[in-house]
Amino acid sequence: MGMKSDIELIKDGKRLDGRGVNDLRPITIKAGVLERADGSCYVEWGGNKVLAAVYGPQECLPKHIASPHRAVLTYRYNMAPFSVEDRKRPGPDRRSIEISKISKEALERVVLLEKFPNTMIKVFVEILQADAGTRCAALTAASVALADAGIPMRDLVTACAAGKIGGEIVLDLGKKEDNFGEADVPVAILPHTKEIVLMQMDGQLTPEEYRKALDLSIDGCTKVYELQKKALRERYVEGVD
Amino acid sequence: MMREIVIPGEELSNEKDVKPGFGTYRDADVIRSSVFGVVEKINNTIRVVPLRGKYIPITGDYVIGIVTVVKFRGCFVDINSPYIGFLPTMREDEYRIGDLLLLKIVDVDEVYNVTLNDPKRLYDGKLIEVIPVKIPRIVGKRASMLDILRKGTNCKIFVGRNGRIFIKGTPDEVKKAEKAIRLIEREAHTTGLTDRVKAFLEGKIKESGNNGNEK
């Protein structure tokens, strides 16, 4: 964000990769890709490649974090060393700890944790390839993986970002747009109630621009939700006699 | 009867006289699904049977457990669940670590302390594990499917509600029974399964029926 460049991010209503201002990058979602995990999901979102695995509910370890009122949810967002242009030093850093925390809080809103006291549900998300918007792709994958594991939830969580590039509000920033643009607003919602469970902003927007970006990202979330739904349905071919 | 796959949050009904059953919740005027599963509407109750999930102990269930810790007053038993079972015993030396038991759950309290009773040792057979939510399908209505399996393979089959199945028989019979059980597990969400299992046991179809396979 905010890096200086002479690239023209928007030209005649078209973006660098040929998208219009309201277009998402191509997204593919596949549920149930891992044999060992209780639930799993693989998402390709433009250049992002994200793998999510869910374990649980299982015995809560270490025992002192267990609660007799609800299950404990853990979320680990991790970037592979080879996911970015320069090698990333492996292990959690300031950024991934923050993303893990806010994504966990987003999922705690939907998972019916009170059904499984004294247990823990673990969510692992690995970013295999990063291309801007990984926290949204990760959360989208994680909620499909949770549903795939058969864990009761109020709703899925759907995430999508909007931002400002070249003075215009656009949906789903790509890598160059993120680096050289003016603002990025990742949003996660519950598709049925439109309740916001995650919202951040990087860069600067006026209140009007912010409202426009929020509405646009919610529209984007609705499109992503349809793909999540399709991915889960495709896992089981319906037996019709 | 409806057999439709739904995902969490999906609206199931907005009729006033319909009651929310297992796997559903009421959100203002509508009933929504809380799990990824198959919708079933019986009388006025709508419920969703999940396609996957862990076994949660319920009083009265029969389960197959493995002894993991032996204490003076009883032993802790792994029951293939997030919760551990406790089997009270009179003496310390009644069971040893690794013993396989068929048990009855006699009590489950609000924080899921599980008390077991009625132990029966299982030996000389093969233990297999399936997804616990598929067990009702493997047993069938009034154990109809289980009867078919037992008759078709000549095996003694003990089914735990926790997804563990113990099979006793000759090696070939056990192999056949396991394949039949895997077929049911894979195609549990489809209809006309009884006939396919019968056909499989009679050798008319190969194990990989492609009707509604889990991908």
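Keep in mind the model is a prediction, meaning the values are calculated, not measured.

Scoring rules and cut-offs
Counting starts from 1 at the beginning of each chain's written sequence and moves along it residue by residue. Going through the entries in the order they are written, you letter the chains from A and number the ligands from 1. This being a predicted model, a pLDDT of at least 70 is required before a residue's local features are given, and a value of 80 or more before pairs of side-chain atoms are given or counted; all residues contribute to the totals for chains, interfaces and linings. The side-chain numbers reported here are obtained from all heavy atoms of the structure, hydrogens and water having been left aside. Should DSSP find at least two bridges between two strands, the strands are regarded as paired. Under the DSSP-based scheme used, a helix requires at least four consecutive residues in state H or I and a strand at least two consecutive residues in state E, with every element numbered from the N terminus. For every element, the axis is a line fit to its C-alpha atoms; helices are fit only across the contacting stretch, and the angle between N-to-C directions ranges from 0 to 180 degrees. Residue ranges for the domains trace back to a domain assignment, done automatically or taken from a database. Whether two residues are in contact is decided by their heavy atoms, any of which lying within 4.5 Å being enough. Buried area: the accessible area, evaluated with a 1.4 Å probe, that two parts lose upon being put together, summed over both parts. A pair is scored as a salt bridge if a Lys or Arg side-chain nitrogen falls within 4 Å of a carboxyl oxygen belonging to Asp or Glu. Each polar contact in these results corresponds to two N or O atoms within 3.5 Å; when the atoms are within protein, one needs to be able to donate a hydrogen and the other to accept it, and residues that are neighboring in sequence are counted only if both atoms are side-chain atoms. Amino acid classes used here: Ala, Val, Leu, Ile, Met, Phe, Trp, Tyr, Cys and Pro are nonpolar; Asp, Glu, Lys and Arg are charged; the rest, including Gly, are polar. For each residue, the accessible area found with a 1.4 Å probe, counting protein chains only, is set against the maximum for its type, and the residue is called buried under 20%, exposed over 50%, and partly exposed in between. By definition, turning the near helix anticlockwise from the far helix through less than a right angle yields a left-handed crossing, and turning it clockwise yields a right-handed one. Relative orientations are named as follows: roughly parallel for angles under 35 degrees, roughly antiparallel for angles over 145 degrees, roughly perpendicular for angles from 65 to 115 degrees, and oblique for any other angle.

J.: Any chance you could explain the sheet that holds strand E5 (residues 30-33) of chain B here in plain terms?
T.: For sheets, the rule is that strands pair by backbone hydrogen bonds, running either parallel or antiparallel. Residue and element names in this part refer to chain B. The strand order across the open sheet built from three strands is E2-E5-E4, with neighbouring strands paired in antiparallel fashion. Each of the sheet's edge strands pairs with one partner strand only, and the pair in question is strand E2 (11-13) and strand E4 (24-27). Across the sheet, the mean angle from the axis of one strand to that of its neighbour is 45°, orientation sign disregarded. Note that E2 and E5 share two bridges and pair antiparallel. Among the inter-strand pairings, Ser 13 is bridged to a residue of E5, identified as Ile 31.

J.: I would appreciate a short explanation of the domain arrangement of chain B in the present structure.
T.: The parts lose accessible area when they come together, and the size of an interface is often stated as this lost area. Along its sequence, chain B is carved into domain 1 (5-50), domain 2 (62-121) and domain 3 (126-201). Distance between the C-alpha centres of domain 1 of chain B and domain 3 of chain B: 29 Å.

J.: Honestly, the interface of chain A and chain B in this entry has me stumped. Any pointers?
T.: Tallying the contact residues gives 34 residues for chain A and 34 residues for chain B. In total, about 3000 Å² of surface goes out of reach between chain A and chain B, with carbon and sulfur atoms giving 54% of it. Taken together, the connections running from chain A to chain B amount to two salt bridges. For the salt bridge of Arg 233 of chain A with Glu 10 of chain B, the shortest nitrogen-to-oxygen distance reads 2.5 Å. Put simply, chain A and chain B have nine residue pairs in polar contact (both at pLDDT 80 or more) between them. Where the side of chain A that touches chain B is concerned, the elements lending two or more residues are strand E5 (48-59), helix H2 (134-148) and helix H4 (207-235) of chain A. Tallying contributions element by element places H4 of chain A first for the side of chain A that touches chain B, with six residues. Class assignment for the residues of the side of chain A that touches chain B results in 15 nonpolar, seven polar and 12 charged.

J.: What am I meant to see in the environment of Val 63 of chain B here?
T.: All names here are of chain B. Tracing the chain through its elements places Val 63 in strand E8 (residues 62-70). Taking the relative accessible area as the measure of exposure, Val 63 reaches 0% and is therefore buried. Sequence separation between Val 63 and Phe 166 is 103 residues, and the spatial gap between their C-alpha atoms is 11 Å. The residues contacting Val 63, other than those within four sequence positions of it, are Tyr 55, Ile 79, Leu 101, Leu 102, Leu 103, Ile 105, Leu 116, Gly 160, Arg 161 and Asn 162.

J.: Which parts of the structure should I look at to understand the pairing of strand E8 (residues 158-165) of chain A?
T.: Remember that side chains alternate between the two faces of the sheet whenever the strand is regular. Residue and element names in this part refer to chain A. Across the eight residues that make up E8, a large majority, eight, are buried. Burial along E8 is two-sided: the residues Thr 158, Cys 160, Ala 162 and Lys 164 and Ala 159, Ala 161, Gly 163 and Ile 165 are all buried. Alignment of E8 against strand E10 (residues 183-190), held across seven bridges, turns out to be antiparallel. The residue of E10 that forms the bridge with Lys 164 is Ala 183. As judged from the four bridges shared by E8 and strand E9 (residues 168-171), these two strands associate in the antiparallel manner. Across the sheet, the residue bridging to Ile 165 is Glu 168, located in E9. Where E8 folds back on E9, the antiparallel hairpin that results is connected by two residues, among which Gly 166 adopts a positive phi of roughly 50°.

J.: In this structure, what is going on with the sheet that holds strand E10 (residues 84-88) of chain B? I would like to understand it.
T.: Residue and element names in this part refer to chain B. With mixed pairing, five strands are arranged side by side around a closed barrel as E8-E9-E10-E12-E11. Put simply, the sheet's adjacent strands are angled 55° from each other on average, direction ignored. Note: strand E9 (residues 74-78) against E10, five bridges, orientation antiparallel. Pairing of Asp 78 across the sheet is with Ile 84, part of E10.

J.: Help me understand the packing of H2 of chain A against H4 of chain A in this model?
T.: All names here are of chain A. One can describe the packing of H2 onto H4 by two numbers: an axis separation of 11 Å at closest approach and a directional angle of 35°. The two elements H2 and H4 meet at a crossing, and its hand is right-handed. On H4, the residues touching Thr 140, Ser 143, Val 144, Ala 147 and Asp 148 of H2 are Val 224, Gln 228, Leu 232 and Arg 235. A class-by-class count of the residues in the contact of H2 with H4 yields four nonpolar, three polar and two charged.

J.: Is there a simple way to explain the packing of helix H3 (residues 171-186) of chain B against helix H4 (residues 193-201) of chain B in this structure?
T.: For any two helices packed against each other, one specifies the inter-axial angle together with the distance between the axes. All names here are of chain B. Interaxial distance between H3 and H4 falls to 10 Å at its minimum, and their mutual angle equals 155°. In this view, H3 runs roughly antiparallel relative to H4, as classed from their interaxial angle. H4 is crossed by H3, and the crossing has right-handed handedness. Contacts between H3 and H4 involve Lys 176, Lys 179, Ala 180, Leu 183 and Ile 184 on the former and, on the latter, Leu 193, Val 197, Phe 200 and Leu 201. Classifying every residue of the contact of H3 with H4 gives seven nonpolar, no polar and two charged.

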